[in-house]
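Observations on the three-dimensional arrangement
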Amino acid sequence: MTPAPLTFTFTFDGEPVQARSGQSVAAALLASGRRSWRRTRTEGRPRGVFCGIGVCFDCLVTINGRPNHRACLVEARPGDTVSTQEGTGHDDLAC
């Protein structure tokens, strides 16, 4: 079994983000200077990490096309495509 690289890259909204093995998506985004990566459904207000332990839902992101991942709980993986989540992450739901 090949060990995971110590550092690697994933993309966030089309831009490369460096991460360390074992680091959460939220930690990698914060380390790269990003403070928000979700917008609220009704008013479009920016959100990022609030609790940092998976209790709230402020840090939701879309990962590899699937919405509603809590960035503070998901371990970053090489090659992941992470994007800002707008509201619920489902375009077909009415606001």
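In this report, we go over the structure that sits alongside the text. Small disclaimer: the values here were computed from a predicted structure and weren't measured. Throughout this document, residue positions are counted from 1 along each chain, in the order its sequence is written. Where totals are concerned, whole chains, interfaces and linings use all residues; where local detail is concerned, this predicted model gives features only for residues with pLDDT of at least 70, and gives and counts side-chain atom pairs only at 80 or more. Working from all heavy atoms in the structure, the side-chain values ignore hydrogens and water.

1. Re the overall build of the protein chain
What counts as a helix is a DSSP run of H or I of at least four residues, what counts as a strand is a run of E of at least two, and both are numbered from the N terminus. Counting secondary structure elements, the protein chain contains one helix and seven strands. Put simply, the protein chain runs from its N terminus to its C terminus through helices and strands in the order β-β-α-β-β-β-β-β. Across the 95 residues in the protein chain, those meeting the buried criterion constitute 33%. Contacts are assigned to residue pairs with any non-hydrogen atoms lying within 4.5 Å of each other. Pairs at least 24 residues apart make up 35% of the contacts formed inside the protein chain by residues separated by at least 6 positions. Each accessible area value is a Shrake-Rupley result obtained with a 1.4 Å probe; residue values ignore everything except the protein chains displayed when judging cover. For the protein chain, the accessible surface area stands at approximately 6000 Å², while carbon and sulfur atoms represent 52% of it. The buried label goes to any residue with under 20% of its type's maximum accessible area, the exposed label to any with over 50%, and the partly exposed label to all in between, with areas taken from a 1.4 Å probe on protein chains only.

2. A word on the pattern of salt bridges
For this analysis, a salt bridge means a side-chain nitrogen from Lys or Arg found within 4 Å of a carboxyl oxygen belonging to Asp or Glu. This structure, assessed with the given rule, holds five salt bridges. In this structure, Arg45 engages Glu43 in a salt bridge whose closest nitrogen and oxygen atoms are separated by 2.8 Å. Each of the salt bridges in this network shares a partner with another, and the network as a whole consists of Arg38, Arg47 and Asp58.

3. Description of the side chain of Asp80
Structurally, Asp80 is set in the loop between β6 (66–70) and β7 (81–86). Asp80 has contacts with Phe10, Thr11, Ile63 and Asn64, leaving out every residue within four places of it along the chain.

4. Let's talk about the pairing of β7
Two strands are counted as paired when DSSP detects at least two bridges linking them. As paired elements, strand β1 (residues 7–12) and β7 share two bridges and run parallel to each other. The residue of β7 that forms the bridge with Thr11 is Thr81. Relative to β7, strand β3 (residues 38–39) runs parallel, the two sharing two bridges. Across the sheet, residue Arg39 finds its bridge partner in β7, namely Glu86. Summarising the sheet, strand β5 (residues 60–63) and β7 pair through three bridges and their orientation is antiparallel. Each residue of the ladder has a partner; that of Val61, found in β7, is Thr84.

5. Observations concerning the pairing of strand β2 (residues 15–20)
Where β1 lies against β2, six bridges are found, and the strand directions are antiparallel. Bridge pairing in β2 links Thr7 to Arg20. Two successive antiparallel strands, β1 and β2, enclose a turn made up of two residues, where Asp13 displays a positive phi of approximately 50 degrees.

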